[in-house]
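Residues per chain are reported as follows:
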Amino acid sequence: MVRVLFICLGNICRSPMAEAMFRDLVRKEGLEAVIKMDSAGTGDWHIGHPPHEGTREILKKNQISYKGLKARKVTSDDLSYDYIIGMDVENIKNIKKVGSIPSHVKVKRLLDFVEDKQEKNVPDPYYSGNFEEVYELVKEGTEKLLEEIKNNLKAKGEIE
Ligand code: 4NP
């Protein structure tokens, strides 16, 4: 089993989009029993809120479910995930302040998984309003992340 946590600042725009899109990919591959995912924010302003309207709209347009998603703040318990995936460098700085992260945990930005990208931060659409751009970046990032996880699971003999 592999556990993946997506993080951003508010947990209403980027990380719930990544969670929903990654869940959709994992389901399509029939891997939901082996790959688990969640998302959280480093800030507390939107605790309990559903995803931002822009995130809901773009997910709906692409027939990806966001059912049940509700913002929450990261806690020290989250530091035990196998992958902690930030959307930008600030998210990574902030998660490191939550507590000490065990050495086996992979703490990376989503776009670190996309080799040919110069810009590794997913821009915050809360300010830009550009949810289309974020959708395209998150799509690339989650696809590459799933490839890496599948390769690791295959190497360990956990999947075929
Ligand atoms: P997110 O976007 O980190 O992608 O969810 C934001 C949402 C809310 C705020 C900032 C960024 N805010 O300042 O409330």
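The following paragraphs examine the structure supplied in this document. (Residues numbered from 1 in each chain as written. Predicted model: local features only at pLDDT ≥ 70, side-chain atom pairs only at ≥ 80, totals over all residues. Heavy atoms only, no water.)

## Quick notes on the overall build of the protein
Alright, step 1. Looking only at helices and strands, one finds five helices and four strands in the protein.
Alright, step 2. The linear arrangement of helices and strands in the protein, starting from the amino end, is β-α-β-α-β-α-β-α-α.
Alright, step 3. The C-alpha atoms of the protein give a radius of gyration of 15 Å, which matches the 15 Å a tight globule of 160 residues would have.
Alright, step 4. C-alpha extents for the protein along the principal axes are approximately 45 × 35 × 35 Å.
Alright, step 5. Per-residue burial for the protein yields a buried fraction of 46% across its 160 residues.
Alright, step 6. Sequence-distant contacts in the protein: of pairs separated by 6 or more residues, those separated by 24 or more amount to 71%.
Alright, step 7. Working note: accessible area of the protein is about 8400 Å², and carbon and sulfur atoms make up 46% of it.
Alright, step 8. Seen as two clouds, the 26 positive and the 27 negative side-chain charges of the protein have centres 3 Å apart. (Helix = DSSP H or I, 4+ residues; strand = E, 2+ residues; numbered from the N terminus. Rg over C-alpha atoms; globule rule 2.2 N^0.38 Å. Buried < 20%, exposed > 50% of the residue type's maximum accessible area, 1.4 Å probe, protein only. Contact = heavy atoms within 4.5 Å. Areas by Shrake-Rupley, 256 points an atom, 1.4 Å probe, with all protein chains shown as cover. Lys, Arg positive; Asp, Glu negative; His and termini not counted. Charge placed at Lys NZ, Arg CZ, Asp CG, Glu CD.)

## Examining the site of the ligand
Alright, step 1. If you check the shell around the ligand, you find Cys 8, Leu 9, Gly 10, Asn 11, Ile 12, Cys 13, Arg 14, Trp 45, His 46, Asp 124, Tyr 126 and Tyr 127 and nothing else.
Alright, step 2. One of the backbone N or O atoms of Asn 11 is found 3.2 Å from an oxygen atom in the ligand.
Alright, step 3. With respect to the ligand, the side chain of Asp 124 contributes an N or O atom lying 3.0 Å from an oxygen atom.
Alright, step 4. Isolated, the ligand exposes 360 Å² of accessible area, and the fraction of that covered by the protein chains is 94%.
Alright, step 5. Tallied by class, the residues present in the shell around the ligand amount to seven nonpolar, three polar and two charged. (Near = heavy atom within 4 Å. Polar contact = N/O pair within 3.5 Å; in protein donor to acceptor, adjacent residues only side chain to side chain. Nonpolar A, V, L, I, M, F, W, Y, C, P; charged D, E, K, R; others polar.)

## A few points about the pattern of salt bridges
Alright, step 1. Applying the stated rule across the entire model yields 14 salt bridges.
Alright, step 2. Here Lys 61 ties to Glu 132 by a salt bridge, and the two come within 2.6 Å at their closest N and O atoms. In this pair, Lys 61 sits in helix H2 (residues 53-61) while Glu 132 sits in helix H5 (residues 131-155), placing the two residues 71 residues apart along the sequence.
Alright, step 3. The exposure class of Glu 132 is partly exposed, given its relative accessible area of 38%.
Alright, step 4. Between Arg 109 and Asp 112 there is a salt bridge; the shortest N-O distance is 3.9 Å.
Alright, step 5. Residue Asp 112 is classed as partly exposed on the basis of its relative accessible area of 30%.
Alright, step 6. Within the structure, one salt-bridge network assembled from shared partners comprises Arg 14, Asp 88 and Asp 124. (Salt bridge = Lys/Arg side-chain N within 4 Å of Asp/Glu carboxyl O.)

## Thoughts on the nonpolar core
Alright, step 1. Counting 39 residues, the largest nonpolar core has Val 4, Phe 6, Met 17, Phe 22, Ile 35, Leu 145 and Ile 149 as the members making the most contacts within it.
Alright, step 2. Of all elements in the fold, only strand E1 (2-8), helix H1 (14-28), strand E2 (35-41), H2, strand E3 (83-86) and H5 reach the threshold of two or more residues within this core.
Alright, step 3. With nine residues, H5 is the largest single contributor of residues to this core.
Alright, step 4. In this structure, Leu 5, Ala 40, Val 74 and Leu 79 belong to the second largest nonpolar core, which totals nine residues. (Core = buried A, V, L, I, M, F, W, Y, C linked by side-chain atoms within 4.5 Å.)

## Regarding the sheet that holds E3
Alright, step 1. In spatial order, the strands read E2-E1-E3-E4; together these four strands make up an open sheet with parallel pairing. Edge positions in the open sheet fall to E2 and strand E4 (106-109), since each of these has one partner strand only. Neighbour-to-neighbour, the strand axes of the sheet open up by a mean angle of 20 degrees, direction not taken into account.
Alright, step 2. Across the sheet, helix H3 (residues 89-96) touches E1, E3 and E4, and the angle it forms with E4 is around 155 degrees. (Pairing = 2+ DSSP bridges. Axes fitted to C-alpha atoms, helices over the stretch in contact; angles between N-to-C directions.)

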